[in-house]
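These are the residues of each chain, in order.
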Number of protein chains: 2
Amino acid sequence: MPFVTALVAAAGKGRRLGLGYNKVFLHLKGRPLLSYSLEVLEKSPLVQAVIVVTAPGDVAKCWDVIGRGYAKSIRVVEGGEERQDSVSQGLKALPAETEFVAVHDAARPLVTQELLAAVVEAALETGAAIAAVPVQDTIKRSGTAGIVEGTVDREGLWAAQTPQVFRRDWLEEAHSRAMLEGWRATDDASLVERCGYPVRIVKGDYGNIKVTTPVDVILATALLEARKRQDWAFLGERRPGPYA
Amino acid sequence: MPFVTALVAAAGKGRRLGLGYNKVFLHLKGRPLLSYSLEVLEKSPLVQAVIVVTAPGDVAKCWDVIGRGYAKSIRVVEGGEERQDSVSQGLKALPAETEFVAVHDAARPLVTQELLAAVVEAALETGAAIAAVPVQDTIKRSGTAGIVEGTVDREGLWAAQTPQVFRRDWLEEAHSRAMLEGWRATDDASLVERCGYPVRIVKGDYGNIKVTTPVDVILATALLEARKRQDWAFLGERRPGPYA
C-alpha cells in the first residue's frame, strides 16, 4: 500500500470568530476542534503519518491536544502567513517514504472515515482527488454598485472541501511553482490544476462543513451531536414525525 | 408607503428529505416550517398582504398553519409543477393595490425582520433587490469523467437567498416572458435580470439557510434554538470559553 501522509492545516487565526486565539483550539462539545480531525486520521488504515501545521507559538498547544499515545507517527511544524504558505511549510516536513499527501483543514471536524477513504482511494488511482459537493445555491456575479451582473450556470459547479489528496511529487511541484511564479489560491487543488494535472472530484458530505463564522460553531456542534445520537440524518433511517 | 405583498413559495415536495409530504409542514421545534416565515411577514410593518402558494391538495393544511387571527390580509393558492410555475400562479392572486412583491421561500425559516426590511427598502429605491451572501467555498467546474475543468474565481460571487423583492410590473413582465419564451430559472431574480432590469444585492445572513436535506433540518433546528437563547452567534456578544 502506498505511504500516505496527512497534512493538517491548523494555523487558523480565528479572526472571523472573534476569538483572539487559533480556532483549532476552540472547544466543541468539550473537545478542541483539532482533536476531531486528528482522531479520524489516527484511526484510518490508509494514513501512515500525520503532520500538523500550526501557527508559530501554537506548537506546544497542539501537542497538548495530541496527547500521549497517539497511534501514528505525528509531527507538529510551524506554518506561514496564509494557508497556502502553511501547507508549503508542511511539505518540507514529510517523512521520506511519503508517496501521497492528504491535505485536510482542521476546521472541518465532521470529516468521516468513509469520505477520507473515498478520496484517498480515488487519488491512488488517478494521482489527485478532492472532496466536493454540488453547488445548490443560485450563484450571482456582482458588478458595479452591487448590481447583479449575471447568474452563473450552476450545472457542473462543485464546492470544494477537504480532504484533498495528491501524489507527493505533483503537490510539491505545484507549491514550488506557486512560490516561484507568485500563484495564490484558496485550495491546494487549484495549484495542482494549474500545473496541468487531472484532479478527480469525489462527492463529499454536505455535513462536512468548515468552521469559520460563529454560525458555523452552532452548526458543527449540532452535527456532532446528531452524529453521536446516530441521528436519522446520518443514517437515513429514522424520520422526524409527520405533521398530522 | 408602497403596497408590498409577500409571496411565499410553499409548494415543496420534500423529496430530498424523504418525507412523503410537503416539507413546509415538517415540524421544527414543535412548529411547522411554514409558520416561521409567516410570523416574520405578519409582524413586518413593510408588508401589507401575504399570498401563500402551496401544492395542490395542501391548501387546507396551510390554513391550519395560518390559524385564526392572522394579523394581515392573507390568501392561499395552488401552485404549479415547479417553483417558477408556483410563483407565476401566485402573481395572479396579487391584491390589486400591490406595487412591490416580496418573494420568499417557506423553506427559509431563519429569515429575520432586519433582513426582510433591508431587502424591501433596497427594492423600493431601485426596483429590485435580493438577499445574498458572498460565496466562501472554492468553486470548481467539473468536466468529463468527474475531472476538475477549472477553479471559478469566487471574487464577486454571491449565493442568492430570499427574500427577493421586485416592482410588481417588472416581476410580472419577467414571468410572462419566461412563460412565452420558455425560460427556466432557479430564482426569480434570474428572470428579472434577463429582462434587463437592475437587481441590487443586499448582504444576507449565513444563518438564513434553506431547508432541503436532512442535514439542513439539524442545522435549522440548531439555529432556531440559538436564536431563542439569544446566542452570542446572533448577538456577537458572548463567546464560547477559550481553550485554557
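As a reminder, the structure under discussion sits directly above these lines.
In this report, the structure presented in the accompanying data block is examined.

A few words on helix α4 (residues 113–126) of chain A. Residue and element names in this part refer to chain A. Its 14 residues give α4 an end-to-end C-alpha distance of 20 Å, which sits within 8% of 20 Å, the value for a rise of 1.5 Å per residue. Contact partners of the buried residues in α4: β1 (4–10), α1 (33–43), β6 (100–105), β7 (128–134), β10 (157–167) and β11 (200–203). Gly127 sits one or two positions beyond α4 and adopts a positive phi of about 105°.

The interface is formed by 65 residues belonging to chain B together with 65 residues belonging to chain A. Overall, the association of chain B and chain A removes approximately 5100 Å² of surface from exposure, summing both partners, and the carbon and sulfur fraction of that is 63%. Inspection of the region where chain B meets chain A yields four salt bridges. Seen at the junction of chain B and chain A, the total is 26 residue pairs in polar contact (both at pLDDT 80 or more). Within the residue set of the side of chain B that touches chain A, elements represented by two or more residues are α2 (59–66), β8 (139–142), β9 (148–152), β10 (157–167), α6 (188–194), β11 (200–203), α7 (214–228) and α8 (232–235) of chain B. Per element, the largest residue contribution to the side of chain B that touches chain A is eight residues, and it comes from α7(B).

Residue and element names in this part refer to chain A. One pass over the structure, following the stated rule, counts two aromatic pairs over all chains. With a centroid separation of 4.3 Å and 10° between ring planes, the pair formed by Trp170 and Tyr197 is classed as stacked. Of the two residues, Trp170 is situated in helix α5 (residues 168–181) and Tyr197 in the loop between α6 (188–194) and β11; the sequence distance between them amounts to 27 residues. Taking the ring centre of Tyr36 as reference, the NZ or CZ of Arg31 above it sits at 4.1 Å.

Note on the identical chains: chain B maps onto chain A by a rotation of 180° and an axial translation of 0.0 Å, with an RMSD of 0.0 Å. Taken together, the turn and the small shift mark the pair as related by a two-fold rotation axis. The C-alpha atom lying nearest the rotation axis in chain B is that of Leu219(B); the distance is 2.7 Å. Take the interface residues of chain B: 100% of them recur as interface residues in chain A, which is what a same-surface contact looks like.

Attention shifts here to the environment of His27(B). Residue and element names in this part refer to chain B. Locating His27 in the fold gives a position in strand β2 (residues 27–28). What makes His27 partly exposed here is its relative accessible area of 33%. The spacing of His27 and Val217 is 190 residues in sequence and 9.6 Å in space, taken between C-alpha atoms.

Next up on the list: unusual backbone geometry. Peptide bonds are trans in most cases, and residues, glycine excluded, mostly fall at negative phi. Omega for the peptide link from Thr162(A) to Pro163(A) comes to 10°, which places this bond in the cis form. For Pro163(A), the position within the fold is in strand β10. Residues other than glycine seldom take positive phi values, yet Ala145(A) does so here, at roughly 60°. Within the secondary structure layout, Ala145(A) lies in the loop between β8 (139–142) and β9 (148–152). In this structure, Lys29(B) takes a positive phi of about 50° despite not being glycine.

A few words on the pattern of salt bridges. Residues and elements named next belong to chain B. For the structure on display, the rule yields 24 salt bridges over all chains. With a shortest N-O distance of 2.9 Å, Glu39 and Arg31 are connected by a salt bridge. With a relative accessible area of 29%, Arg31 lands in the partly exposed category. Glu181 is the salt-bridge partner of Arg177, the closest N and O atoms lying 3.3 Å from each other.

Let us look at the side chain of His175(A). Residues and elements named next belong to chain A. One can find His175 in helix α5. Looking at His175, the relative accessible area reads 4%, which means it is buried. In contact with His175, not counting residues within four places along its chain, are Gln84, Val87, Ser88, Leu91, Asp188 and Leu191.

Definitions and cut-offs
Residues numbered from 1 in each chain as written. Chains lettered and ligands numbered in written order. Predicted model: local features only at pLDDT ≥ 70, side-chain atom pairs only at ≥ 80, totals over all residues. Heavy atoms only, no water. Helix = DSSP H or I, 4+ residues; strand = E, 2+ residues; numbered from the N terminus. Expected span 1.5 Å × (residues − 1). Contact = heavy atoms within 4.5 Å. Buried area = accessible area lost by both parts, 1.4 Å probe. Salt bridge = Lys/Arg side-chain N within 4 Å of Asp/Glu carboxyl O. Polar contact = N/O pair within 3.5 Å; in protein donor to acceptor, adjacent residues only side chain to side chain. Phe/Tyr/Trp six-rings, centres within 6.5 Å; stacked < 30°, edge-to-face > 60°. Lys NZ or Arg CZ within 6 Å of the ring centre and 35° of its normal. Least-squares fit on C-alpha atoms with pLDDT ≥ 70 in both. Buried < 20%, exposed > 50% of the residue type's maximum accessible area, 1.4 Å probe, protein only.

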